[in-house]
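Coordinates in review
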Amino acid sequence: MKIKSIKGVKDILPGEIEKWQWVESVAHRIFSRYGFKEIRPPIFEYTDLFKRSIGDTTDIVEKEMYTFKDKGGEEITLRPEGTASVVRSYIEHKMHGQNPLTKLYYFGPMFRYERPQAGRFRQFYQIGVEAMGSPSPAIDAEVMTMLIEFFKELGLRNLELQINSLGCKECRPQYRETLKSAIKPHLQELCTNCNQRYERNPLRILDCKVERDGEIAKGLPKIKDHLCSQCEQDFAQVQKFLDAVNTSYIVNDQIVRGLDYYNKTTFEVISKTGLGSQNAVCGGGRYDSLVEDFDGPPTPGFGFARGRERLISILPEEKLQGLEQRPDIYLVCLGEEAQKLAFPITHQLRAVGLYVEREIEGGSMKSQMRKANKLASRFTLIIGENEIKSKQYVLKNMDGGEQWEIAADTLTEEVQSRLKSLD
Ligand code: HAM
């Protein structure tokens, strides 16, 4: 029986990986401009960490976690998201003592047992950011702006930043009750899921994807009309800061988010084209009590994570040209002697930092040139019996067609300077 990969996971192969590497390099560049540093937490943690942070009654914890007992009998979960691990690490390593504002980012695989479909995987990759230590709305605006700058750098258009405020411990409980009373008369019309959410997590009814429920949700009381004065002020400030740098957004009061730790500002970035129903490329928000919930010192936080698969699938074609690395030089070796020489020559050229390819099995001139063309090598170096005798090799520019004779003992320097003259 042939072994295949598991449903909902995929290999990222050469040809595609260059896009991922490019997205990562842009993220490193943009995030470090804002003072964020990379963190690499483990991909599995004690199950309790996710249960307590994401919330017992969320879809992720109820239905989607990859949880198992390890050989020592510990309950372990493959991380479904990154915020919980970063918060755990922040507390464990006492980062609060090192800096009043800790700014971190991470890349890596996340695992959720969801129904696989276009844009939704069971192992997917996130790029996430967490800023911990400031309650200021300026942080919300700065982090969202950094995200939009990152998207711009990737050439992404047709994205929409949608923001909302979920209120805080003071105002949300009251809103929750108001919402429940307004939902009650509609319970029979709502889907089974929403009926289950009614007692445990009624705010989630607001972002139900079932069309009929969405229509009902539109007529329900809006949280923005029930915020306490502090939350109202903070949300207005966030918008002012975004306006100050022309970061465009819309307020969408149906953004609730599927994880329990959020309060105040929450947001999503939606792609208006190319992604169908799984159109959220990024989601995040404020989580002001999460660190405290894990017995850390009071530390407000704000962050986001975006799914890389969805992002990559909407990258514009023109940005993807030329991502695959071209060999600097391809050695075309004719005959046994030349084949023997090829290894030390490639070694010598690679040692100075060049990308060198050759056909290990040899072959005709035609087939080796075809291979060099296929790889889009910038130069070929032709070594045959005559060249070995005269100690002069032929270097050919594969783009322009011109060629030069090069002395064997100055080969490296000549190749380097000819390549440089092309740049
Ligand atoms: P999330 O909304 O659950 O938030 O996930 C963030 C992003 O991950 C989504 O917008 C989507 O692009 C991607 N994503 C989620 N599930 C899948 C899937 N099954 N397949 C492909 N992509 C997926 C969080 O994870 C929070 N930790 C974000 C955050 C960080 N909030 C504050 N800090």
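Not measured: the values here are computed from a predicted model.

**Digging into the domain arrangement of the chain**
Interfaces are frequently sized by the accessible area removed from exposure as the parts join. Taken domain by domain, the chain consists of domain 1 (17–171 + 227–320) and domain 2 (329–422). Just the C-alpha atoms count here: the centres of domain 1 and domain 2 sit 49 Å apart.

**Remarks on helix H7 (residues 192–200)**
Within H7, burial applies to Cys194, Arg197 and Tyr198. What you see down the axis of H7 is that its buried residues fit within an arc of 120°, all on one side. Lining the buried residues of H7 we find helix H3 (59–64), helix H6 (172–183) and helix H8 (211–218).

**Quick word on the packing of helix H5 (residues 137–153) against helix H9 (residues 229–244)**
The contact between H5 and H9 brings their axes to 8 Å, and the two run at 40°. One element, H5, and the other, H9, form an angle in the oblique class. The element H5 and its partner H9 pack so that their crossing is right-handed. On the side of H5, the interface is formed by Pro137, Ala138, Asp140, Ala141, Met144 and Thr145, while H9 contributes Asp234, Gln237, Val238, Phe241 and Leu242. Looking at the contact of H5 with H9 residue by residue, the classes come out as seven nonpolar, two polar and two charged.

**Considering the side chain of Arg306**
Tracing the backbone shows Arg306 in strand S11 (residues 301–307). One buried charged residue, Arg306, remains without a salt bridge, the closest side chain of opposite sign being Glu24 at 9.9 Å.

Rules used in this analysis
Residues numbered from 1 in each chain as written. Predicted model: local features only at pLDDT ≥ 70, side-chain atom pairs only at ≥ 80, totals over all residues. Heavy atoms only, no water. Domains from an automatic or database assignment. Buried < 20%, exposed > 50% of the residue type's maximum accessible area, 1.4 Å probe, protein only. Helix = DSSP H or I, 4+ residues; strand = E, 2+ residues; numbered from the N terminus. Arc of directions from axis to C-beta. Contact = heavy atoms within 4.5 Å. Axes fitted to C-alpha atoms, helices over the stretch in contact; angles between N-to-C directions. Parallel < 35°, antiparallel > 145°, perpendicular 65-115°, else oblique. Left-handed = near helix turned anticlockwise from the far one by under 90°. Nonpolar A, V, L, I, M, F, W, Y, C, P; charged D, E, K, R; others polar. Lys, Arg positive; Asp, Glu negative; His and termini not counted. Salt bridge = Lys/Arg side-chain N within 4 Å of Asp/Glu carboxyl O.

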